[in-house]
Amino acid sequence: MIAENKEQTIFHHVGKKIITDREIDIIARIEEPLIVVLGNVLSDEECEELIRLSTDKMKRSKIGTTREENALRTSSSMFIEESENLIVAGIEKRIAAVMNIPIEHGEGLQILQYTPGQQYKAHHDFFSSSSAVANNRISTLVMYLNEVEQGGETFFPHLNFSVTPRKGMAVYFEYFYNDQTLNDFTLHGGAPVEIGEKWVATQWMRKQKIR
Ligand SMILES: O=C(O)CCC(=O)C(=O)O
Ligand SMILES: [Fe+2]
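Chains are numbered independently. Their residues run from 1 in the order of the written sequence. Labels follow written order: the first chain is A, the first ligand is 1, and so on. Side-chain atom pairs in this predicted model are given and counted only at pLDDT of 80 or more, local residue features only at pLDDT of at least 70, and totals for whole chains, interfaces and linings cover all residues. As a convention, hydrogens and water are excluded, and side-chain values are obtained from all of the structure's heavy atoms.

Chemist: Explain the coordination of the iron ion (ligand 2) residue by residue, including any values.
Modeler: Each protein donor to the iron ion (ligand 2) is listed here as His 123 (NE2), Asp 125 (OD) and His 188 (NE2); together their distances run 2.1 to 2.2 Å. Since its relative accessible area comes to 3%, Asp 125 is described here as buried. Note that water is not among the atoms used; donors are N, O and S atoms within 2.8 Å of the metal (3.2 Å for Na, K and Ca), so sites may look incomplete. Three exposure classes are used, based on accessible area relative to the maximum for each residue type with a 1.4 Å probe and protein chains only: buried under 20%, partly exposed in between, and exposed over 50%.

In structure tokens, the structure reads:
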């Protein structure tokens, strides 16, 4: 059922598939705020390549990973800015088609690695309006790069909704509504990993071009 006064969304795909260079499955959706669970977004090889690139990069920059002192996020993170790499360029092109936003609006792909006990506490991806952000984030795609043995769900506490990470799948959501309460409902986090590791690649899109 679709409410009559539903707000316009950025994500415009309907039905069960999104045809890009891959056939991406639309598995489940919540309409307002729009949250979409997607399957077959990345191939196993692409997932493995993103993990490899980020592991390499962590090693090259001797400092290693930026382990946040901040208790909000205890995972390690790394930006991939290697769109000269054909695999990354292909992934970026596909992401732009799924998110319906040119990739120039995107911050580079961010890779996060969580080990047991690590988590990302509930947060919003947009910057609070009190700081008068000129070019705020408008949408997010979180792609799961591996199978987590236990834990690590992406949870939306206001919606009593959570997504179990599965390699190659993703969760999309957007928060560019006129109605700020809809944006606030996109509060989300990464639950603590209990067993195994969790790797994700996040694409955040901005309202305007940034590259
Ligand atoms: O790891 C997750 O499930 C969520 C990641 C996230 O919220 C983000 O990268 O902004
Ligand atoms: Fe987030």
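Chemist: Go over the site of ligand 1 with me, naming the residues and quoting the values.
Modeler: As a structural note, the neighbourhood of ligand 1 is formed by Leu 112, Tyr 114, Tyr 120, His 123, Asp 125, Thr 154, His 188, Gly 190, Lys 198, Thr 202 and Trp 204. Two N or O atoms count as a polar contact when they lie within 3.5 Å, although within protein this holds only if one can serve as hydrogen donor and the other as acceptor, and sequence-adjacent residues are included solely when both atoms are side-chain atoms. For ligand 1, an oxygen atom lies 2.5 Å from a polar atom in the side chain of Thr 154. Here an oxygen atom of ligand 1 and a side-chain polar atom of Lys 198 are 2.8 Å apart. Both cavities and pockets are sets of points on a 1 Å grid over the protein atoms alone; in a cavity a 1.4 Å probe fits but cannot get out, in a pocket the set is open with protein on both sides within 12 Å along at least five of seven lines, and lining residues sit with an atom within 4 Å of a point. To qualify as sitting in a cavity or pocket, a molecule needs more than half of its atoms within 2 Å of the grid points. More than half of the atoms belonging to ligand 1 lie within 2 Å of the grid points that define the largest cavity. The set of elements that each furnish at least two residues to the shell around ligand 1 consists of strand S6 (109-114), strand S7 (120-123), strand S13 (188-190) and strand S15 (198-206). Helix and strand labels come from DSSP, where a helix needs a run of H or I of at least four residues and a strand needs a run of E of at least two; each type is numbered from the N terminus. The element contributing the most residues to the shell around ligand 1 is S15, with three residues. Under the grouping applied here, Gly and all other residues not named as nonpolar or charged are polar, the nonpolar ones being Ala, Val, Leu, Ile, Met, Phe, Trp, Tyr, Cys and Pro and the charged ones Asp, Glu, Lys and Arg. Considered class by class, the residues forming the shell around ligand 1 number four nonpolar, five polar and two charged. A molecule or strand has a residue near it when one of that residue's heavy atoms lies within 4 Å.

Chemist: Which residues make up empty space enclosed by the protein, and what values go with them?
Modeler: Grid points are joined across faces, edges and corners, and a volume is the space filled by probe spheres set on the points. If you walk through the whole model with that rule in mind, you get one cavity of 30 Å³ or more. As a volume, the largest cavity reaches approximately 120 Å³. Taken together, 14 residues make up the lining of the largest cavity; nearest its centre are Tyr 114, Tyr 120, Val 142, His 188 and Thr 202. Listing elements by their share of the lining of the largest cavity, those giving two or more residues are S6, S7, S13 and S15. Of the residues forming the lining of the largest cavity, the biggest block, four residues, is contributed by S15.

Chemist: I'd like to hear about the nonpolar core, residue by residue, with values.
Modeler: Grouped together as the largest cluster of nonpolar side chains are 38 residues, with contacts concentrated most on Phe 11, Leu 38, Leu 50, Met 143, Leu 145 and Tyr 172. Leu 112, Tyr 114, Tyr 120 and Val 163 belong to the second-largest nonpolar core, a separate cluster that totals 17 residues. Only buried residues count toward a nonpolar core. Its members are Ala, Val, Leu, Ile, Met, Phe, Trp, Tyr and Cys residues joined through side-chain atoms within 4.5 Å.

Chemist: Summarise helix H2 (residues 86-99); cite the residues concerned and give the values.
Modeler: The end-to-end C-alpha separation of H2 is 20 Å, in line with the 20 Å expected for 14 residues at 1.5 Å each. The complete set of buried residues in H2 reads Val 88, Ile 91, Glu 92, Arg 94, Ile 95, Ala 96, Val 98 and Met 99. Sitting at the head of H2, Asn 85 places a side-chain oxygen 2.7 Å from the backbone nitrogen of Ile 87. Asn 100 sits one or two residues past H2 and shows a positive phi near 60°. Take the number of residues in a helix, subtract one, and multiply by 1.5 Å to get its expected span.

Chemist: Got a sec to walk through the sheet that holds S13? Specific residues and values, please.
Modeler: Within the open sheet, the four strands sit side by side as S7-S13-S10-S11. Their pairing is antiparallel. Every interior strand has two partners, whereas the edge strands, S7 and strand S11 (161-163), have only one. Shown here is a sheet whose adjacent strand axes are inclined to one another by a mean of 15°, direction ignored. Bridging between S7 and S13 involves two bridges; their strand directions are antiparallel. Along S13, the bridge assignment pairs Tyr 120 with Gly 190. For two strands to pair, DSSP has to find at least two bridges joining them. Axes here refer to lines fitted to C-alpha atoms; in helices the fit is confined to the stretch in contact. Angles between the N-to-C directions go from 0 to 180 degrees.

Chemist: Mind laying out the pairing of strand S8 (residues 137-144), listing which residues take part and the relevant values?
Modeler: Judged by how many residues are buried, S8 sits mostly within the fold: eight of eight residues are covered. With seven bridges connecting them, S8 and S15 associate as antiparallel partners. Residue pairing in the sheet places Arg 137 in a bridge with Arg 206 of S15. For S8 and strand S12 (residues 170-174), the ladder comprises five bridges, and the chain directions are antiparallel. In the sheet register, Ser 139 faces S12, and the bridge partner there is Glu 174.

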